[in-house]
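Examining the three-dimensional arrangement
Here's the letter readout for the chains.
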Amino acid sequence: MATGEFQVMKVPAEQLAGILHGQVIDPGAQPTNVVHCGEGWTVDVSWEVTGELVDWLVGRWQLEIIADRIGGGESRHPAPPVEMTFTPGSGRYTASIPMRGQLSPRHL
């Protein structure tokens with residue numbers, strides 16, 4: 001599982017901060033670090049924004065998976081990105097992005 005922090009806007013952390021978790025899930029519903037491009041794997045993502053400004057957020061999140069290509073570069077999926085509406089007062093979000101057929105050998 002990958003975990004990281006992110007900044008939504010340039011404000012002090014007590015006003016607005018975020019943490020993100022991501023996990024690749026294989027076709028057998030098990031976490032993995034290795035996938036085969038033709039199999040039906042997914043990327044499960046959860047994130048939370050905290051702070052005084054959470055209730056003031058409006059708009060939409062845009063989620064996309066960025067895969068590293070062998071030999072350099074990157075490939076972004078899905079196209080267009082998955083969009084989710086901000087939920088005022090909550091700050092917690094989850095998404096599962098299916099990747100079956102999203103990566104072909106030319107993307108890797």
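In what follows, the structure referred to is the one given above.
Let us look at the structure shown here.

Conventions used here
Counting restarts for each chain, with residues numbered from 1 along the sequence as it is written. pLDDT decides what is reported in this predicted model: residues at 70 or higher carry local features, side-chain atom pairs at 80 or more are listed and counted, and totals for whole chains, interfaces and linings draw on all residues regardless. With hydrogens and water stripped out, all remaining heavy atoms of the structure feed into the side-chain values. Only the six-membered ring of Trp is used, alongside the rings of Phe and Tyr, when aromatic pairs are assigned; centres must lie within 6.5 Å, and planes under 30 degrees apart are stacked while those over 60 apart are edge-to-face, with the rest tilted. Each helix corresponds to a stretch of at least 4 residues labelled H or I by DSSP, and each strand to a stretch of at least 2 residues labelled E; elements are numbered beginning at the N terminus. Under the scheme applied here, a residue whose accessible area is under 20% of the maximum for its type counts as buried, over 50% as exposed, and between as partly exposed, the area being computed with a 1.4 Å probe on protein chains only. The nonpolar core is taken to be a set of buried Ala, Val, Leu, Ile, Met, Phe, Trp, Tyr and Cys residues, with the residues joined through side-chain atoms within 4.5 Å.

1. A short note on the packing of aromatic side chains
- Applying the stated criterion across every chain, the model contains 4 aromatic pairs.
- Considering the side-chain rings of Trp47 and Trp61, the 5.7 Å spacing of their centres and the 80° angle between planes classify their relative orientation as edge-to-face. Separated by 14 residues along the polypeptide, Trp47 in strand S4 (residues 42–50) and Trp61 in strand S5 (residues 60–68) bring together distant segments of the chain. Of the two residues, Trp47 and Trp61, both sit in the buried class.
- Ring plane angle 55° and centroid distance 4.8 Å describe the contact between Trp61 and Phe86, whose orientation is recorded as tilted.

2. Considering the nonpolar core
- Residues Val43, Trp47, Val49, Trp61, Tyr93 and Met99 are the most contacted members of the largest nonpolar core, which totals 16 residues.
- Elements with a minimum of two residues in this core: S4, S5 and strand S7 (92–98).
- Take this core: its biggest share by element is 4 residues, from S4.

As far as function goes, none of this settles anything; it's purely spatial.
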